[in-house]
Amino acid sequence: MPERLGRYQLLKLIATGGMGEIFLATREDQRTGIARQVVIKRILRHLACDQNFIDLFQNEARLATQLQHPNIARVYGLENEGGTYFISMEWVEGRSLREIFARSQKRGLKIAPHLAAYIASEALRGLHFAHELTDGQGRALGILHRDVSP
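No experiment lies behind these values; they were computed from the predicted model shown.

1. Here we look at the pattern of salt bridges
Then, in step 1: According to the stated counting rule, one finds 7 salt bridges in the structure shown.
Then, in step 2: Between Glu79 and Arg7 there is a salt bridge; the shortest N-O distance is 3.1 Å. In this pair, Glu79 sits in strand β5 (residues 75-81) while Arg7 sits in the loop between β1 (3-5) and β2 (8-16), placing the two residues 72 residues apart along the sequence.
Then, in step 3: Note on Glu79: relative accessible area 18%, which makes it buried.
Then, in step 4: Exposure remark for Arg7: the relative accessible area of 39% places this residue in the partly exposed category.
Then, in step 5: With a closest N to O distance of 2.9 Å, Asp135 and Arg139 form a salt bridge.

This is the structure:
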């Protein structure tokens, strides 16, 4: 049975990283009854009582909500339910590059160089935006993404 986390229904685990678990989830709008798919990043349980990791997680959420760019999944916000911190964000429908690469490799196909260059340049556009982002006074926020993967 799927797990509930506040107003979200966690449907499936997508990935686990150094700080959190990533889930596909749904959230039903109370007024309309329409369910929206979202991604939930939940701080790992063994880190949930370490204030240093909680602070890092909260800081990540604060910075990520400022990243408004077509090549970056939108972050909706940071929430806390029963002492469990999590970030809700946009679910981008489609296959991951990891899946595309694996399927191509299995079939003995290679990604065309022009397509690989396009994919890389679009990813770099999003990363460049994040790296160059400034606050209201023009000071660099110093965002550095250290977990880029297919």
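2. Here's the deal with the packing of aromatic side chains
Then, in step 1: This model, assessed by the stated rule, comprises 1 aromatic pair.
Then, in step 2: Relative to Phe86, the ring of Tyr8 lies with its centre 5.7 Å away and its plane at 85°, an arrangement referred to as edge-to-face. You can see Tyr8 sitting in strand β2 and its partner Phe86 sitting in strand β6 (residues 84-90), a full 78 residues away along the chain.
Then, in step 3: For Tyr8, a relative accessible area of 3% translates into the label buried.

Thresholds, definitions, all that
- Residues numbered from 1 in each chain as written.
- Predicted model: local features only at pLDDT ≥ 70, side-chain atom pairs only at ≥ 80, totals over all residues.
- Heavy atoms only, no water.
- Salt bridge = Lys/Arg side-chain N within 4 Å of Asp/Glu carboxyl O.
- Helix = DSSP H or I, 4+ residues; strand = E, 2+ residues; numbered from the N terminus.
- Buried < 20%, exposed > 50% of the residue type's maximum accessible area, 1.4 Å probe, protein only.
- Phe/Tyr/Trp six-rings, centres within 6.5 Å; stacked < 30°, edge-to-face > 60°.

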